[in-house]
Amino acid sequence: MLDIDLLLDDPKTRIVVCCGSGGVGKTTTAAALGLRAAERGRKVVVLTIDPARRLAQSMGIDSLDNVPRKVKGIEDQGKASRGDTAEEDGGRPAAGELHAMMLDMKRTFDEVVEAHADPQRAATILANPFYQSLSAGFAGTQEYMAMEKLGQLRARDEWDLIVVDTPPSRSALDFLDAPKRLGSFLDGRLIRLLTAPAKLGGRAGMAFLNVGMSMMTGTLGKLLGGQLLKDVQTFVAAMDTTFGGFRTRADATYKLLQAPGTAFLVVAAPERDALREAAYFVERLAAEDMPLVGLVLNRVHGSGAGRLSAERALAAAENLEDPRIVDQGDGKAGLRNSPDTYGSSQPPASEAAGTATEEGSPADAERSVDQLTAGLLRLHAERMQLLSREQRTRDRFTARHPEVAVVEVPALPGDVHDLAGLRDIGDRLAAGRPEHT
């Protein structure tokens, strides 16, 4: 079992990263963890990269942006767990704080440029068309900027805890690869070739540009267009002095993710594909020496009538629905199954009596109750079959990764859309097991 409160209350825990495949509840989990930590006395910021912006709605904020915004309505629910009393602390202890923000990829990129280039060069870079395209849509830029923002938040040392909601991509660990991919791009042969004229400078640089570039300008100009090629050259020349800073900061953030005080939570649903992805995340984190603390299994179904199996429920439903079976007070089969009436042209006495009665008779009411009961039994059978599938899926995961601590959160009837809902999720995370509902 994974003890969520122990994790959140530990002052050594400074970063919690929620990762998993899309649609498994990472955003809700991250928000619920942040809220619970804040209400237990910590100063928390939740960084989300989910473009659906559900986090803002859940936290009652009109919109999230690249600046942490304080969430109102935080209560102090950690007093009892901390053992504080009014006599000991001179009054009710102050609650923690919860702040939330959504990554603005382009704005974060702009901040990096502005911080590591002089004003004139920064203005040149920001106005460059190639840079504008790169900062808005280059593969891996979002993941890289998520790490950049995480590094900025941690460097400020303003927060007790930073909770990160990872991008909703097929591989939610893309942000681990982003620095390597961006570094490969910045160290690539084309970039080195384009930066060479700027590094040489003067006539030598122009000669290189005229001779060396002329050989590839024709081909690249046809593929990319002459103006785009010129924009790339201008961008590379302006960015040359900041390339090293990108790699240095990316390496520092990567080491921060591996350091003590960082905790990775893999989030999944009890479904085959989601847990297959979760197994991949667990193995990848282990390979990267990232500190995994456990698995959050969302939307787990339960039943308060678990002793009634699906097979027994279906058998009972069939008995109620089968018109040839009529229970009698003396325990004998009805006339429909009697050999005396089998094959006879005359209807059984009970059937004849039934046709003679008017609608709304006690027999009709009893039949309606039987049909309703049979429907409920079939619904229960479907629920028990679903529980059985989920259990088999969980068992396969735990057999493969017995070292991974697990906390289960039950499936809820609706979406979480306010702090009360997030608080409920936090309570269920701390409880560790799904309620039988």
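The rules we used
Here the residue numbers are simple positions, counted from 1 along each chain's written sequence. Whole-chain, interface and lining totals are the exception, using all residues; otherwise, since this is a predicted model, local features are given only for residues with pLDDT of at least 70 and side-chain atom pairs are given and counted only at 80 or more. Side-chain calculation: all heavy atoms of the structure are included, whereas hydrogens and water are not. Each helix is a run of DSSP H or I of at least 4 residues and each strand a run of E of at least 2, with the numbering of both proceeding from the N terminus. Partly exposed residues are those whose accessible area sits between 20% and 50% of the maximum for their type, while under 20% is buried and over 50% is exposed, using a 1.4 Å probe and protein chains only. Here a patch means residues that are over 30% exposed by relative accessible area and free of salt bridges, tied together within 9 Å if like-charged and within 5 Å if nonpolar (Val, Leu, Ile, Met, Phe, Trp, Tyr). Using the Shrake-Rupley algorithm and a 1.4 Å probe, accessible areas are obtained, with residue cover drawn only from the displayed protein chains. Basic side-chain nitrogens of Lys or Arg form a salt bridge, by our definition, when they fall within 4 Å of a carboxyl oxygen of Asp or Glu. Asp and Glu count as negative and Lys and Arg as positive, but His and the ends of the chain are not part of the count. For charged residues, the charge sits on one atom: NZ in Lys, CZ in Arg, CG in Asp, CD in Glu. What qualifies as a polar contact is a pair of N or O atoms within 3.5 Å, subject to a donor-acceptor requirement within protein and to the restriction that residues adjacent in sequence count only when both atoms come from side chains. Only heavy atoms matter for contacts: two residues are in contact if any of them lie within 4.5 Å across the pair. Helices are assigned an expected span. That span is 1.5 Å times one less than the residue count. The axes used here are C-alpha line fits, helices contributing only the stretch in contact, and every angle between their N-to-C directions lies in the interval 0 to 180 degrees. Convention used here: angles under 35 degrees read as roughly parallel, angles over 145 as roughly antiparallel, angles from 65 to 115 as roughly perpendicular, and any remaining angle as oblique. In this scheme the handedness of a crossing depends on how the near helix is turned from the far one: anticlockwise by less than a right angle means left-handed, clockwise means right-handed. All amino acids are sorted into three groups, where Ala, Val, Leu, Ile, Met, Phe, Trp, Tyr, Cys and Pro are nonpolar, Asp, Glu, Lys and Arg are charged, and the leftover types, Gly among them, are polar.

## What about unusual backbone geometry?
Reasoning step 1: Even without being glycine, Asp 157 reaches a positive phi, approximately 55 degrees.
Reasoning step 2: By secondary structure assignment, the location of Asp 157 is in the loop between helix 9 (141-156) and strand 5 (161-165).
Reasoning step 3: A positive phi angle, close to 60 degrees, is found at Asp 289, a residue other than glycine.
Reasoning step 4: The exposure class assigned to Asp 289 is exposed, which follows from its relative accessible area of 57%.

## A word on a positive patch on the surface
Reasoning step 1: A cluster of basic side chains, namely Arg 272, Arg 389, Arg 392 and Arg 396, defines a positive patch on the protein surface.
Reasoning step 2: Here the element with the most residues in the positive patch is helix 18 (residues 362-400); it accounts for three residues.
Reasoning step 3: As for its placement among the helices and strands, Arg 272 is situated in helix 15 (residues 272-287).

## Some details on the side chain of Thr 29
Reasoning step 1: Position of Thr 29 relative to the elements: it lies in helix 2 (residues 26-39).
Reasoning step 2: There is a polar contact of 3.1 Å between the side chain of Thr 29 and the side chain of Asn 298.
Reasoning step 3: When residues no more than four places from it in sequence are discounted, the contact partners of Thr 29 are Cys 18, Val 267, Val 296 and Asn 298.

## What about helix 9?
Reasoning step 1: Compared with the 22 Å implied by 1.5 Å per residue over 16 residues, the 22 Å span of helix 9 between its first and last C-alpha is a close match.
Reasoning step 2: After helix 9 finishes, the residue Asp 157 shows a positive phi value of roughly 55 degrees.

## So, the packing of helix 16 (residues 310-321) against helix 18
Reasoning step 1: Where helix 16 meets helix 18, the closest approach of the two axes is 8 Å, and the angle between their N-to-C directions is 160 degrees. Taken as axis vectors, helix 16 and helix 18 run roughly antiparallel relative to one another. Remark: the crossing between helix 16 and helix 18 carries left-handed chirality. Note on element contacts: helix 18 touches helix 16 through Arg 367, Asp 370, Thr 373, Ala 374, Leu 377, Arg 378, His 380, Ala 381, Met 384 and Gln 385, opposite Ala 310, Ala 313, Leu 314, Ala 316, Ala 317, Glu 318, Leu 320 and Glu 321.
Reasoning step 2: For the contact of helix 16 with helix 18, the residue count by class is ten nonpolar, three polar and five charged.

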